[in-house]
Amino acid sequence: MVSSCCVFSVFKSNTTFKTAPLNDCSEPGMFPPLTSHDRSAGDKYADMGQRGPVAPRAASGSGCARLSRAAGAHFRTVEMPRSDTSEDHRADPELWCEGRASKPWAPGPLGRGTSFGSRWDVGTLRPGPPKAETKLYRRRWAVLFLFSAVSASNGLMRPQYGTIGNIFMRFYSVDSLAIDWLSAIHLLAPAPLVLPVLWLLENGGIRDAVLAGAAFNCAGAWIKIGSAGPTLFPLTFLGQLVCSAATAFVLCVPARLASVWFGENEASTACSIGVLGHQLGIAIGFLVPPILVPNVDDVDELAHHISIMFYITAGVATLLFILVLIVFQERPELPPTLAQATARSIPAEDYSYTSSILRLLRNRPFNLLIITYGLNVGCFYAVGTLLNRMIIERYPGEEVNAGRIGLTIVIAGMVGSLICGMWLDKTKTYKQTTLAVYFMSLVGMIVYASTLNLGHLWVVFVTAGFLGFFMTGYLPLGFEFAVELTYPECEGTSSGLLNCCAQVFGIIFTICQGKIIDSFDTLPGNIFLCVFLLIGTIMTGFIKSDLRRQNANRVAKAARPPDRHDGSPAAASVANEAAF
């Protein structure tokens, strides 16, 4: 007689557990003989009217059971009392057949093994019974806009010095490189903080990350108030360094917040709004400093204007910190999407922060996206940091217009971000849209570089706006594409790795392009960026479009009963297949 090895997958929240064959085992004596307890349990549940013989044998200390029966008998569902399923099915992950080599494995739904670090093919999951409802809360918009305001407050700190770099060079008696570092520090400081920030986002949550970012931003702004003196450049650098630490927190949040709070057809738009907040702050940083700090000769008057600017930014940062402390909520009571409900069902003890990072680094499409995202956004950071120097060199005395050109770049990029996010929500064409926007960023950079030296400032406004529309519009695309490629990993982790790479490339490109401009001209410096945008465009074409989150939503929807409208995931099978 031929026997089959079968495994029961047991879930705490469900009293139904099913069997599926693992392999055929023909060796005699493979299973130990049934005890009297086993036979009594089998007799008890055989009375339920289920077809076929039952002979469950519970594995000690685990939620798995083994079944030995004659070949050709029908598989069927067995109802077990809740007390018999109180033990977690992961307590004893090593199962094997006697008489064969032991091979540890992690039990998945329906007896399917899922190993650590493996690729989760959520598209092939079999649906199970519904487990949780989904709901959208109006409060989500308040949370999103409050975060966007915090991000904007931090964003305006970065170009605050570079926009009027010639004025600060004279005020502090430093060279252009020192002023460039006041902007570049926002790219350098967050890089070593990425891993601690991601750990906080995973273990503390969104609220703790946003609160920490608002606190650092507030503290740095107050430090800078005391630096409004010609000899206090080290103090202003310290204040800018503290503000740059806040950047590491706020840049990791948008994709995570969008997934936790927003529905399937609005998550990309919400992510775009979150990214848009930081870009709005950069736009304000380009616009406001030339207005508040005029280019006057009197040092005392100049110190007064600088002090006013610092007080305004500190007051806004303090107000936002208080609002986050009082208003900001971690997550809604019910998940907004089926994919998010599935992700919530993964037990916390099954998650490893280190393992998550390693899995992401083994994800080839995501690795390509990290590099291409870093190249594109690094070029954007370099252009924004060196914009004042490029404009003043060709158009002397146009400090105000240099700030307005930067404002044009960012505002056009905000529109691009919003449009790209809405387009993704409508079409779900992640790779196609990312590749198209990347290519148009390259075209925009070529047009901007070739028209900067024509001597017509209005042309620079137009070409800079065209460049900003696509280059800044790419930011939310990268975040959302990363979430799709890495589901069910934490969205903040993928976003943090993207930002880390972008900041590293941003520092390299800013320093290199600055040296090229000093040694040659602005045109060779911009051509330098065009080369790397071309490389990034080609690499983007090789990214495999593996939309795991969309597949998870599709499978979970297929598992829903037709008479339910509140939405729920395929609890057991989907959640356990995505388990770590």
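Every value quoted in this text rests on a predicted model; they were computed, and no experiment measured them.

### A word on the overall build of the protein chain
And then number 1: Scanning the protein chain from terminus to terminus reveals 20 helices and six strands.
And then number 2: Contacts spanning at least 24 positions in sequence make up 81% of the contacts within the protein chain whose residues lie at least 6 apart.
And then number 3: Of the roughly 23400 Å² of accessible surface on the protein chain, a fraction of 64% belongs to carbon and sulfur atoms.

### Some thoughts on the environment of Ala 258
And then number 1: Considering the arrangement of structural elements, one finds Ala 258 in helix α8 (residues 254-261).
And then number 2: Residue Ala 258 is classed as buried on the basis of its relative accessible area, which comes to 1%.
And then number 3: Along the primary structure Ala 258 and Ser 268 are separated by ten residues, whereas in three dimensions their C-alpha atoms are 7.3 Å apart.
And then number 4: Residue contacts for Ala 258: discarding those within four places in its chain leaves Ala 267, Ala 270 and Cys 271.

### What about the side chain of Thr 313?
And then number 1: With respect to the element layout, Thr 313 can be found in helix α10 (residues 299-327).
And then number 2: Among the polar contacts made by the side chain of Thr 313, one reaches the main-chain carbonyl oxygen of Phe 310 at a distance of 2.8 Å.
And then number 3: In contact with Thr 313, other than residues within four places in its own chain, are Leu 156, Met 157, Gln 160 and Ala 221.

### Let's talk about a nonpolar patch on the surface
And then number 1: Together, Leu 319, Ile 322, Leu 323, Leu 325, Ile 326 and Val 327 make up a nonpolar patch on the protein surface, roughly 520 Å² of accessible area in all.
And then number 2: Tracing the chain through its elements places Ile 326 in helix α10.

### As for the pattern of salt bridges
And then number 1: For the coordinates displayed, the defined rule picks out three salt bridges.
And then number 2: Residues Glu 266 and Arg 140 are paired through a salt bridge, measuring 3.0 Å at the closest nitrogen-oxygen approach. One end of the pair, Glu 266, is in the loop between α8 and α9 (267-292); the other, Arg 140, is in helix α2 (residues 139-155), with 126 residues separating them in the sequence. Each member of the pair, Glu 266 together with Arg 140, is buried.
And then number 3: Notably, a salt bridge pairs Asp 521 with Arg 394, separated by 2.4 Å at the nearest N-O pair. Of the two residues, Asp 521 sits in the loop between α17 (491-519) and α18 (522-540) while Arg 394 sits in helix α13 (residues 364-394), which places them 127 residues apart along the sequence.
And then number 4: When its relative accessible area of 34% is taken as the criterion, Arg 394 is described as partly exposed.

### Regarding the nonpolar core
And then number 1: Judged by nonpolar contacts, the single largest core of 102 residues is most densely connected at Leu 257, Phe 328 and Tyr 448.
And then number 2: When residues in this core are grouped by element, the largest group, 16 residues, is from α13.
And then number 3: Non-local contacts of Phe 328, meaning those with residues more than four positions away in its chain, are made with Val 143, Leu 146, Phe 147, Ile 206, Arg 207, Val 210, Leu 257 and Leu 323.
And then number 4: Membership of the second largest hydrophobic core comes to 25 residues, among which are Tyr 161, Leu 182, Ile 225 and Ile 306.

### Side note on unusual backbone geometry
And then number 1: With phi around 55°, Ser 173 is a residue other than glycine that occupies positive phi space.
And then number 2: Although it is not a glycine, Lys 428 sits at a positive phi angle of roughly 60°.
And then number 3: Along the chain, Lys 428 turns up in the loop between α14 (399-427) and α15 (430-451).

### A word on a negative patch on the surface
And then number 1: Residues Asp 297, Asp 298, Asp 300 and Glu 301 make up a contiguous surface patch of negative charge.
And then number 2: Among the structural elements, Asp 300 can be located in helix α10.
And then number 3: Asp 300 gets classed as exposed once you look at its relative accessible area, which sits at 63%.

### Side note on the side chain of Thr 472
And then number 1: Looking at the element boundaries, Thr 472 is found in helix α16 (residues 457-486).
And then number 2: Each residue touching Thr 472, except ones within four places of it in the same chain, is listed here: Gln 279, Phe 380, Ile 409, Gly 413, Met 414 and Ser 417.

### Here we look at the packing of aromatic side chains
Aromatic rings in a pair are described by how distant their centres are and how their planes are angled relative to each other.
And then number 1: Evaluated as defined, the whole model comprises 19 aromatic pairs.
And then number 2: When the ring of Phe 466 is compared with that of Phe 470, the centres are 5.2 Å apart and the planes differ by 65°; the resulting orientation is edge-to-face. With Phe 466 and Phe 470 both in helix α16 and four residues apart, the pair spans about one turn of that helix.
And then number 3: Among the residues examined, Phe 466 registers a relative accessible area of 30% and is labelled partly exposed.
And then number 4: Connected via pairs of aromatic rings, a cluster forms that spans Tyr 161, Phe 168, Phe 171, Tyr 172, Phe 233, Phe 237 and Phe 310.

### Overview of α13
And then number 1: Taking 1.5 Å per residue as the helical rise, α13 with its 31 residues ought to reach 45 Å, and the 43 Å between its terminal C-alpha atoms agrees with that figure.
And then number 2: For α13, the principal kink sits at Leu 386 and spans about 55°.
And then number 3: The element α13 is extensively covered by neighbouring structure, given that 25 of its 31 residues are classed as buried.

### Points about the packing of α13 against α15
And then number 1: Running from N to C, α13 and α15 point in directions that differ by 25°, and their axes come no closer than 12 Å. Classed by the angle they form, the pair α13 and α15 counts as roughly parallel. The chirality of how α13 crosses α15 is left-handed. Across the interface between the two elements, Thr 372, Leu 375, Asn 376, Val 383, Leu 387 and Met 390 of α13 pack against Tyr 438, Ser 441, Met 445 and Tyr 448 of α15.

### A few points about the packing of helix α5 (residues 190-203) against α17
And then number 1: Running from N to C, α5 and α17 cross one another at 175°; their axes reach a closest spacing of 9 Å. Considering the angle they form, α5 stands roughly antiparallel to α17. The residues of α17 that touch α5, namely those facing Pro 190, Ala 191, Val 194, Leu 198, Leu 201 and Glu 202, are Gly 492, Thr 493, Gly 496, Leu 497, Cys 500, Gln 503 and Val 504.
And then number 2: Counted by class, the contact of α5 with α17 contains eight nonpolar, four polar and one charged residues.

### Side note on the environment of Ile 391
And then number 1: Assignment of secondary structure puts Ile 391 in helix α13.
And then number 2: When the C-alpha positions of Ile 391 and Thr 522 are compared, they lie 9.3 Å apart, and in sequence the two are 131 residues distant.
And then number 3: Look past the residues within four positions of Ile 391 in its chain and what remains in contact with it is Glu 398, Ala 402, Ile 405, Leu 452 and Val 460.

### Quick look at the environment of Ile 167
And then number 1: Tracing the backbone shows Ile 167 in helix α3 (residues 165-172).
And then number 2: For Ile 167, a relative accessible area of 3% corresponds to the buried category.
And then number 3: Separated by 135 residues in sequence, Ile 167 and Leu 302 have C-alpha atoms that sit 8.9 Å apart.
And then number 4: Discounting residues that sit within four places of it in the chain, Ile 167 has contacts with Val 293, Pro 294, Asn 295 and Leu 302.

### Examining the confidence of the model for the protein chain
And then number 1: A residue-level look at the protein chain finds 72% of positions with pLDDT of 70 or above and a mean pLDDT of 74.
And then number 2: Throughout residues 563-580 the model reports pLDDT below 50, and contacts reaching past four residues in sequence, or to other chains, amount to 74 contacts.

What counts and how
Residues numbered from 1 in each chain as written. Predicted model: local features only at pLDDT ≥ 70, side-chain atom pairs only at ≥ 80, totals over all residues. Heavy atoms only, no water. Helix = DSSP H or I, 4+ residues; strand = E, 2+ residues; numbered from the N terminus. Contact = heavy atoms within 4.5 Å. Areas by Shrake-Rupley, 256 points an atom, 1.4 Å probe, with all protein chains shown as cover. Buried < 20%, exposed > 50% of the residue type's maximum accessible area, 1.4 Å probe, protein only. Polar contact = N/O pair within 3.5 Å; in protein donor to acceptor, adjacent residues only side chain to side chain. Patch = residues over 30% accessible without salt bridge, like charges linked within 9 Å, V, L, I, M, F, W, Y side chains within 5 Å. Salt bridge = Lys/Arg side-chain N within 4 Å of Asp/Glu carboxyl O. Core = buried A, V, L, I, M, F, W, Y, C linked by side-chain atoms within 4.5 Å. Lys, Arg positive; Asp, Glu negative; His and termini not counted. Charge placed at Lys NZ, Arg CZ, Asp CG, Glu CD. Phe/Tyr/Trp six-rings, centres within 6.5 Å; stacked < 30°, edge-to-face > 60°. Expected span 1.5 Å × (residues − 1). Bend = angle between axes of the 7 residues up to and from the residue. Axes fitted to C-alpha atoms, helices over the stretch in contact; angles between N-to-C directions. Parallel < 35°, antiparallel > 145°, perpendicular 65-115°, else oblique. Left-handed = near helix turned anticlockwise from the far one by under 90°. Nonpolar A, V, L, I, M, F, W, Y, C, P; charged D, E, K, R; others polar. pLDDT = per-residue confidence, 0-100.

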